[in-house]
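The lines below spell out each chain.
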Amino acid sequence: MTTDATDVSLSGETAKATVAKFTMALSGFVGTVLFARLLGPVSFGGFYLLLGVVKIADRPIHGWTIAAKKRFSEHRVRDEAVVGSQAVFIAVWLVVIGVGSLTFSEELRDYTGLVAAPVLFLVLLASEPLYEPFEKLLQGRGQIGVATWIDTLRSYLTLPLQLGFVLTGFGVAGMVYGLAGATVLSIPVVLYFLRTPPELPSYSLLRSLWEYAKYSIPSSFFGTIYDRFDVLLLGLLLTPAAAGYYEVAAKLTLPAVFVGSTAASGLMARVSANRSKGKEVADDVTNTLAFTSVLAIPIFFGALAIPTSLIITVYGSEYAPAATLLVGIAGYRLLKSQNAPLTQTVNGLDNPEMTMRISAIALTVNIVVGVVLVLRVGPVGVVLATLLAEVIRYLWLAVVVRRSIPNVKLLPSTLIEQIGAGFLMFLIVSVTHGYLPVRSWTDLSLLLLVGASTYGFALLAISTRLRHTIGSVLRGSRIEQFVPRPILKW
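Residues numbered from 1 in each chain as written. Predicted model: local features only at pLDDT ≥ 70, side-chain atom pairs only at ≥ 80, totals over all residues. Heavy atoms only, no water.

Caption draft 1: How the structure looks around the overall build of the protein. Along the backbone of the protein there are 19 helices and zero strands. Compactness check: the protein gives a C-alpha radius of gyration of 22 Å against a globular reference of 23 Å for 490 residues, within 12% of the reference. A principal-axis box enclosing the C-alpha atoms of the protein has dimensions of 65 × 60 × 45 Å. Here the protein, with 490 residues, has 57% of them falling under the buried criterion. When the accessible surface of the protein is split by element, carbon and sulfur atoms take 68% of a total near 19900 Å². Seen as two clouds, the 38 positive and the 29 negative side-chain charges of the protein have centres 5 Å apart. (Helix = DSSP H or I, 4+ residues; strand = E, 2+ residues; numbered from the N terminus. Rg over C-alpha atoms; globule rule 2.2 N^0.38 Å. Buried < 20%, exposed > 50% of the residue type's maximum accessible area, 1.4 Å probe, protein only. Areas by Shrake-Rupley, 256 points an atom, 1.4 Å probe, with all protein chains shown as cover. Lys, Arg positive; Asp, Glu negative; His and termini not counted. Charge placed at Lys NZ, Arg CZ, Asp CG, Glu CD.)

Written as structure tokens, this is what we have:
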């Protein structure tokens, strides 16, 4: 019986979660292409502007969830009381934000360009926070594979629901109704696998959660505004269409963070559980950093080699301006693939105030430099500002982690080998592209195949550790490991 994150294999859970992420990405990619073409840049961008506002409004819930996940991962805390604290906080905050949102309905319409924005905002706000907090508790138990597969199920429910609503005349509102409907349908599945009935939390538990949440809530605000700031700023200073261009470029590079985000989710719980037992964590952090950018590196070099061909072939010539954003966003994803595990390591070390401080500084740099550069050079300015802020975040996190875990290796040899293989891929794809102009999906697929093959074979040839790791995962992976099963807690 699994009791905490140390009883599961981090590499195995990451592998299962990464497979789920790719399965989910297929649905998301198809949906992005369909809705970008059906709705056009203005409405498509308006939906993501609205979603960005919702993600900011529910940050207190997310911050409290991070605190609950931390306590949930500790062997001395009663799980049922943590689940109960989640339910209480969600209910209180939804009432507060629901009343407050009515005051700013006109501003919401003006910002997103959507007439029905206030209603759509409430629909999303009532559904999203009911799902994510309990999914995070599964991650706190180390079950990142199960949690990600449930999210994949939600994605595959979302696409047909959204498409049905959009095609029946609901327009951009159909994307909201489809997402909300799929989220509500997925909640019972999360609760089934969680198998932990809630109970009223004690005052001491609430106080313990608040000691963490008073930092994780502001940190969540800063982090989300930071993640969504590019789109929010483009919508504020330029147009919803500019936000649409950014969003399609961001979608193309999203797989870059699959391994990093899934591994980071499990790493936080594992570091927390091991530290609560007085065990060493350096190897877990080093191993995660070694492989967390294995997808981000080839995606960055691929975007650097053929940005315009990628954008136009996938989304159409209407989205050609997004090509100038693609390389910068891919670079940001690469840095983030390293920053995510470092951030979750700091959280797992029970140091949320440091995460909050770093997020606040990174956001400040992003805002100040972003506004200046957008006004001077246009949409690409916000990407350059984000890159600068992400570099600052990485350097600061690296110092904090090294001081807390002296034996950790921040630049493992496997990571350097991946960068070398990625650069070789860039050279070969660039030369091939000179002889093979992209005029169709077939041409693009051939170039992508050349790039992926070059990167994969080069990396396997030079990295002994990668070959060993792949062999270990395959030897330890049975079919049933990729099938989520509930873990009984009583």
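Still more ground to cover, so stick around.
Caption draft 2: Molecular detail of the nonpolar core. The biggest cluster of nonpolar side chains holds 77 residues, and the ones touching the most others in it are Phe47, Leu50, Phe121, Tyr246, Tyr315 and Val382. A total of 13 residues in this core trace back to one element, the largest contributor, which is helix α1 (residues 10-57). (Core = buried A, V, L, I, M, F, W, Y, C linked by side-chain atoms within 4.5 Å.)

Caption draft 3: Molecular detail of empty space enclosed by the protein. Within the structure shown, the criterion is met by one cavity of 30 Å³ or more. Of the pockets and cavities examined, the largest cavity occupies roughly 40 Å³. Residue lining of the largest cavity: Asp58, Arg59, Ile61, His62, Thr65, Glu128, Pro129, Glu132 and Pro133, and that is the complete set. If you list the elements that add at least two residues to the lining of the largest cavity, you get α2 (59-72) and α5 (117-140). Its residues placed into classes, the lining of the largest cavity shows three nonpolar, two polar and four charged. (1 Å grid on protein atoms, 1.4 Å probe; cavity = no way out; pocket = protein on both sides within 12 Å on 5 of 7 lines; lining within 4 Å. Points joined across faces, edges and corners; volume = space filled by probe spheres on them. Nonpolar A, V, L, I, M, F, W, Y, C, P; charged D, E, K, R; others polar.)

Caption draft 4: Helix α13 (residues 307-315), seen in detail. Of all the nine residues making up α13, seven are buried; the element is thus mostly covered by neighbouring parts of the structure. Following α13 by one or two positions, Gly316 has its phi on the positive side, about 100°.

Caption draft 5: Broad picture of the packing of α13 against helix α14 (residues 323-348). Two numbers describe how α13 lies on α14: the axes approach to 8 Å, and their chain directions differ by 115°. With respect to each other, α13 and α14 are oriented roughly perpendicular. Once α13 is placed against α14, the crossing between them reads as right-handed. Across the interface between the two elements, Pro307, Thr308, Leu310 and Ile311 from α13 touch Ala323, Leu326 and Val327 from α14. (Axes fitted to C-alpha atoms, helices over the stretch in contact; angles between N-to-C directions. Parallel < 35°, antiparallel > 145°, perpendicular 65-115°, else oblique. Left-handed = near helix turned anticlockwise from the far one by under 90°. Contact = heavy atoms within 4.5 Å.)

Caption draft 6: Representation of the pattern of salt bridges. According to the stated counting rule, one finds six salt bridges in the structure shown. The shortest N-O distance in the salt bridge between Asp58 and Arg59 comes to 2.8 Å. In this structure Arg59 comes out as buried when scored by relative accessible area, which is 5%. The partner of Lys136 in a salt bridge is Glu132, and the shortest N-O contact between them spans 3.2 Å. Of this pair, Lys136 and Glu132 both sit in helix α5, four residues apart, roughly one helical turn. Each member of the pair Lys136 and Glu132 is classed as buried. (Salt bridge = Lys/Arg side-chain N within 4 Å of Asp/Glu carboxyl O.)

Caption draft 7: Region of the structure containing the packing of aromatic side chains. Using the criterion set out here, one finds 11 aromatic pairs in the structure. Between Phe165 and Tyr177 the ring centres are 5.7 Å apart and the planes differ by 65°, which places this aromatic pair in the edge-to-face class. Remark: Tyr177 occurs in helix α7 (residues 172-194) and Phe165 occurs in helix α6 (residues 144-170); sequence separation between them is 12 residues. Chaining the aromatic ring pairs together yields one cluster made of Phe300, Phe301, Phe423 and Phe426. (Phe/Tyr/Trp six-rings, centres within 6.5 Å; stacked < 30°, edge-to-face > 60°.)

Caption draft 8: A look at the side chain of Thr65. Relative to the assigned elements, Thr65 resides in helix α2. For Thr65, a relative accessible area of 2% corresponds to the buried category.

Caption draft 9: Structural view of the environment of Leu206. Along the chain, Leu206 turns up in helix α8 (residues 203-237). Separated by 249 residues in sequence, Leu206 and Tyr455 place their C-alpha atoms 49 Å apart. Not counting chain neighbours up to four residues away, the residues in contact with Leu206 comprise Trp64, Ser85 and Pro201.

Caption draft 10: Broad picture of the confidence of the model for the protein. Here the protein averages 82 in pLDDT, and 90% of its residues register 70 or above. Confidence drops under pLDDT 50 across residues 478-490; counting only partners more than four residues distant or on other chains, this segment forms 35 contacts. (pLDDT = per-residue confidence, 0-100.)

Caption draft 11: Structural view of helix α4 (residues 105-112). The complete set of buried residues in α4 reads Ser105, Leu108, Tyr111 and Thr112. Axial view of α4: buried residues confined to an arc of 125°, hence all on one face. (Arc of directions from axis to C-beta.)

Caption draft 12: A look at a nonpolar patch on the surface. Together, Leu26, Val30, Leu34, Leu38, Tyr156 and Leu167 make up an exposed nonpolar region whose accessible area comes to about 530 Å². Going through the elements one at a time, α1 and α6 are the ones with two or more residues in the nonpolar patch. If one sorts the elements of the nonpolar patch by residue count, α1 sits on top with four residues. Its place among the elements puts Leu167 in helix α6. (Patch = residues over 30% accessible without salt bridge, like charges linked within 9 Å, V, L, I, M, F, W, Y side chains within 5 Å.)

Caption draft 13: Focus on unusual backbone geometry. Unusually for a residue other than glycine, Asp350 sits at a positive phi of about 65°. Along the chain, the position of Asp350 falls in the loop between α14 and α15 (352-377). What makes Asp350 partly exposed here is its relative accessible area of 38%.

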